Amino acid sequence: MNARAPLSPLKSLVWPMRLTLLGLWAERLSRAFWPLWSLILTTIAALTFGLQDVGPLVWVQAAGAVIAVAAIGLLILGLRRFRRPTEADALARLDAAMPGRPIAALQDTQAIGAGDPASLAVWQTHKDRMAKRAALAQPVAPDLRLSSRDPFSLRYVALTAFVMAVLFGSFWRVTSVAGLAPGAAEAMPAGPSWEAWAQPPAYTGKPSLYLNDITAETLELPTGTRVQIRLYGPEGELTVAQTVAVPEPLVEPAPDGVQPVAAVPDGMKGVHDLTVTKSGRLAIEGNGGREWQITAKPDGLPMIGVSGEMGREADGRFKQGFKATDDYGVVAGRVTISLDLTKVDRRYGLIPNPEAVEPVVLDLPMPLSGKRSDITETLVDDLSKHVFANLPVTMVFAAVDAAGQESTSAPYSVTLHGKRFFDPLAAALIEMRRDILWNRVNAPRASQILKAVSNRPEGFIRHDRAFLRLRVLMRTLDAQKASLTTEQRDAVAEELWQISLMVEEGNLHSALERLQRAQDRLDEAIKNGASPEEIDQLMKEMQQALKEYTRELAEEAKRNPGDQEQSQNMQGMQMSADQLQQMLDELQRLMEEGKTAEAAELMEKLRQFMENMEVVEGQGQGQGQGSPGQQAMRDLGETLRDQQDLSDDAYRDMQQGEDGQQGEDGQQGEDGQQPGDQQPGQDGQQGQDGQGGQDQAQDQGSLTDRQRALRERLDDLQNGQLPGDGSEQGEAGRRALDDAARAMEQAEEALRNGDLDGALDRQADAMEAMRDGMRELGQALAEEQRENRDGQSGEDLGRADPAGRDPLGRETGEDSARIGSDRNMVENDPNQRAQDLLDEIRRRSGDLTRPGAELEYLKRLLQLF
């Protein structure tokens, strides 16, 4: 075994060993006393911020005693944990940090083989190698990590508080602790005899002032600044005189008949806390005192006003700018919107006095960052559903600063913008909604107008579901209009709003119909002087409808590539779509330039142009009967239209029946008769009534026969060939048609029993089911046509045009060695021929169904010419 022998450290190990020893001291001191120095740093931070000046003296003394006891306890605990490091500990850590532990090897002696020269040589070589390795030793860094001993990171909290105290506190406040003990004032003659601080309100953003450092005779402070003065030394040696604040001293209770006197609470003698409310004098009188002339700077009222005119977004939201200023910053704002009844056009449904409506109060937006002393923002909100929408209102803006002061702007009279409806029916529904919200006495008038506008819905109401919901709403309104509660009124208004949106947006399945609806709305908007944002939104809708229409033409050309007549019609329609896009671009340019008269004239040309497109499309669709699946879809569509007509007739009969009943009730009331009364000549009247009842029964019988015929027609269609037989979509379509047939049968039974109300509900269910079925069958038909196209011969593959033309419109020759035919290669007018070719290139470049390589080639040609 090896025996240890004392070894003087190598010269190169002296400084690494000393530095490692110093690190051991730091490591063991921090591990043993980190709670103590954390407590000391926290206490210093609290004293620097003046925490001892906040509460009574008794509390401060009690807290000091607790801190002292805790410090002693932590000191004892640290001494018990602390182990003084030695040089041996430093050498052991240094040796452990090196491979092979060379320092321990140098301290070993050879136990055996000491008389063998060879063994001695080996041993000496080993020691030389270890000495060289030890000479490269570096100091070992201490392990100061305390996370395992301080899992809550309390030491970092204390250190952060101390750093904040150094940056923002005052170490002079720490010395005030000495004045808390009895007789301490006499023990500190070298310190200040008084201290004072001025703390402006936090919202001003101004720093606290240490008045001992201010030697100027005048001082400007914001109103509301808190001045704290602490006097040291014997009582009465220094006094405070001031005229800047009204102190609120505590009043000690006095016996009966004795005038109460102000008194300073125990522990607060020599401490003065003032709040600056006015300009005046502040002086500390006595030996070493000081005097200031305080100028109180009052906090001004915030100012707010309207900035610019009210704008309207395309979706109906209004935009109103405002500007607010304050010397220290605006913290909040609001606007109160009230109806300006004197400027309302009191006609039609606005003739009655409005029901009491609370003003609308909206919070104003505030900037999330930056200064708020001068802000310019825009209020954006949507009040389209409110009764104030599109009516004259007054807006009063209010701003509040951090001091709680509030100011308001002058009333701003404006028409409150809301969503505008450009479809005539939707606009009428919205007007009736407004009248009902204005006053519930308008409900009967609104019901009559709704009946009038929905009497002949063919070609006027272009949303089937909206028409059905409108009929249900009118029945509800007729039943409740005599005693419409607030909740029922709000429900009717919400339903009218949803129906108006459905009518305005539409659900037209034909791309051309959607394009025409967009054109109608744009035309109406131009006539009514819509805002630029609304015009831009409607232009985008029309351009989107045009894209869908062009895409539908392209898909139709794909489905029937061999139909020459239809292909020629589709090419003409494609040219019409290109011209329509050019007209839209020109219309947008005129609107941007403010030329409304020229835009209206162009809109009339656009209407005529689209009517011609409808004629062309109708001719293209009437060229042939198509496949059996297409014929079945046409028959289903015709059945659906007939069911809609039958439902309309049933609804008109129900309206006429209700009007006749109301007339009979009114006549009975005028005559003063009861149902059992009879007068001379009444037998003839009863005969007429009997005849009328027979006519109504015949009408209901006719409606029942028509419903039965429609159900039988639908059964025949289901028994025939429908698109997608056997597929998932085809079966889903057949299930929907079965539901429609059951609803028709229930409607037929209701008509037979004279229940028109129930019949209308069942007819609505039948039409809804038929639409679902036709949607599924249409998708199945499209899938069949794609499969048929994929299975056709590939003789047309690789050709840019199925009609056999090259990209320039020339017919290919019969001989494969020839580039093209000789026909139409020379024209009498070369310029006209060049223009025709350029038009053809433009047309084909807009055909998205052509191969990508051809489209790229055509674009390059357009760039060249």
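Our subject is the structure that appears above.
Notes on the structure in this doc start here. (Residues numbered from 1 in each chain as written. Predicted model: local features only at pLDDT ≥ 70, side-chain atom pairs only at ≥ 80, totals over all residues. Heavy atoms only, no water.)

1. Focus: the overall build of the protein chain
Consideration 1: When helices and strands are tallied, the protein chain shows 20 helices and 20 strands.
Consideration 2: The burial tally for the protein chain puts 37% of its 865 residues in the buried class.
Consideration 3: In the protein chain, the share of contacts with a sequence separation of at least 24, taken over all contacts with a separation of at least 6, comes to 74%. (Helix = DSSP H or I, 4+ residues; strand = E, 2+ residues; numbered from the N terminus. Buried < 20%, exposed > 50% of the residue type's maximum accessible area, 1.4 Å probe, protein only. Contact = heavy atoms within 4.5 Å.)

2. Some thoughts on the sheet that holds strand β10 (residues 271-275)
Consideration 1: If you walk across this open sheet you meet the four strands as β4-β3-β6-β10, and the pairing is antiparallel. Strand pairing shows two members of the sheet lacking a second neighbour, β4 (209-210) and β10, which therefore form its edges.
Consideration 2: Summarising the sheet, strand β3 (residues 194-199) and strand β6 (residues 226-231) pair through six bridges and their orientation is antiparallel. Of the residues in β6, the one forming a bridge with E195 is R230. (Pairing = 2+ DSSP bridges.)

3. Thoughts on the packing of helix α1 (residues 14-48) against helix α6 (residues 154-168)
Consideration 1: For the pair α1 and α6, the least separation of the axes is 8 Å and the interaxial angle reads 30°. Considering the angle they form, α1 stands roughly parallel to α6. Once α1 is placed against α6, the crossing between them reads as left-handed. Of α6, the residues touching α1 (which contributes W34, W37, S38, L41, T42, I44, A45 and T48) are R155, A158, L159, A161, F162 and A165.
Consideration 2: Residue composition of the contact of α1 with α6, by class: ten nonpolar, three polar and one charged. (Axes fitted to C-alpha atoms, helices over the stretch in contact; angles between N-to-C directions. Parallel < 35°, antiparallel > 145°, perpendicular 65-115°, else oblique. Left-handed = near helix turned anticlockwise from the far one by under 90°. Nonpolar A, V, L, I, M, F, W, Y, C, P; charged D, E, K, R; others polar.)

4. Focus: the nonpolar core
Consideration 1: The biggest cluster of nonpolar side chains holds 34 residues, and the ones touching the most others in it are L429, I436, L450, L496, I499 and V503.
Consideration 2: At the level of secondary structure, the elements contributing two or more residues to this core comprise α7 (424-438), α8 (443-453), α9 (464-480), α10 (486-505), α15 (628-671), α16 (682-719), α17 (728-752) and α18 (756-791).
Consideration 3: Of the residues forming this core, the biggest block, seven residues, is contributed by α10.
Consideration 4: Once residues within four sequence positions are removed from consideration, L450 is found in contact with L429, M432, L470, M474, L477 and L496.
Consideration 5: A324, I337, L364 and I375 belong to the second-largest nonpolar core, a separate cluster that totals 26 residues. (Core = buried A, V, L, I, M, F, W, Y, C linked by side-chain atoms within 4.5 Å.)

5. Things to note about the pairing of β3
Looking along a regular strand, one sees the side chains alternate between the two faces of the sheet.
Consideration 1: By the criterion of burial, β3 is predominantly enclosed, with five of the six residues buried.
Consideration 2: Alignment of β3 against β4, held across two bridges, turns out to be antiparallel. Of the residues in β4, the one forming a bridge with A198 is L209.

6. Quick notes on unusual backbone geometry
Consideration 1: If you check the backbone angles, Y348 has positive phi at about 55° while not being a glycine.
Consideration 2: Inspection of the secondary structure assignment puts Y348 in the loop between β15 (330-339) and β16 (360-363).
Consideration 3: The class of Y348 is exposed, set by a relative accessible area of 52%.
Consideration 4: If you check the backbone angles, N390 has positive phi at about 65° while not being a glycine.
Consideration 5: Considering the arrangement of structural elements, one finds N390 in the loop between β17 (374-381) and β18 (392-401).

7. Observations concerning the pattern of salt bridges
Consideration 1: Taken as a whole and assessed by the stated rule, the structure comprises 35 salt bridges.
Consideration 2: In this structure, R711 engages D715 in a salt bridge whose closest nitrogen and oxygen atoms are separated by 3.9 Å. In this pair, R711 and D715 are both assigned in helix α16, four residues apart and thus about one turn of the helix distant.
Consideration 3: You can call R711 buried: its relative accessible area is 18%.
Consideration 4: Look at D715 and you get partly exposed, because its relative accessible area is 26%.
Consideration 5: The salt bridge partner of R771 is E768, with a shortest N-O separation of 3.7 Å. One end of the pair is R771 and the other is E768, both in helix α18 and three residues apart, which spans about a single turn. (Salt bridge = Lys/Arg side-chain N within 4 Å of Asp/Glu carboxyl O.)

8. Thoughts on the packing of aromatic side chains
Consideration 1: Counted by the stated rule, this structure contains seven aromatic pairs.
Consideration 2: Both rings, one in W25 and one in F82, keep their centres 5.5 Å apart while their planes meet at 40°; by these two values the pair is tilted. Of the two residues, W25 sits in helix α1 while F82 sits in the loop between α2 (57-81) and α3 (87-96), which places them 57 residues apart along the sequence.
Consideration 3: Take W25: its relative accessible area is 28%, and that puts it in the partly exposed class.
Consideration 4: Members of the aromatic cluster, each reached through a chain of ring pairs, are W25, F33 and F82.
Consideration 5: We note R18 situated over the ring of W15; from NZ or CZ to the ring centre the distance is 5.2 Å.
Consideration 6: Its guanidinium or amino end placed over the ring of F421, K419 lies 5.6 Å from that ring's centre, counting from NZ or CZ. (Phe/Tyr/Trp six-rings, centres within 6.5 Å; stacked < 30°, edge-to-face > 60°. Lys NZ or Arg CZ within 6 Å of the ring centre and 35° of its normal.)

9. A look at the sheet that holds strand β14 (residues 318-325)
Consideration 1: Strand order in this open sheet of three strands is β13-β14-β17, and the pairing throughout is antiparallel. Unpaired on one side and paired on the other, β13 (303-312) and β17 mark the two borders of the sheet. In this sheet, adjacent strand axes meet at a mean angle of 20° when their direction is disregarded.
Consideration 2: Bridging between β14 and β17 involves eight bridges; their strand directions are antiparallel. Bridge pairing links F318 to D381 in β17.

10. Here's the deal with a nonpolar patch on the surface
Consideration 1: Side chains of F49, Y156, L159, V163, M164, L167 and F168 sit close together on the surface and give an oily, nonpolar patch of about 710 Å² of accessible area.
Consideration 2: By the element assignment, Y156 lies in helix α6.
Consideration 3: Accessibility expressed as a relative area gives 47% for Y156, which makes it partly exposed. (Patch = residues over 30% accessible without salt bridge, like charges linked within 9 Å, V, L, I, M, F, W, Y side chains within 5 Å. Areas by Shrake-Rupley, 256 points an atom, 1.4 Å probe, with all protein chains shown as cover.)

11. A closer look at the packing of α7 against α8
Consideration 1: At a minimum axis separation of 9 Å, α7 and α8 run at an interaxial angle of 170°. Of the possible angle classes, the one that applies to α7 and α8 is roughly antiparallel. Facing α7, whose interface residues are L425, L429, M432, D435 and I436, α8 presents A443, R445, A446, I449, L450 and V453.
Consideration 2: For the contact of α7 with α8, the per-class residue count stands at nine nonpolar, no polar and two charged.

12. Considerations on the side chain of K419
Consideration 1: Structurally, the position occupied by K419 is in the loop between β20 (412-415) and α7.
Consideration 2: Judged by relative accessible area, which is 19%, K419 ranks as buried.
Consideration 3: Discounting residues that sit within four places of it in the chain, K419 has contacts with D315, G316, S384, N390, W497 and L501.

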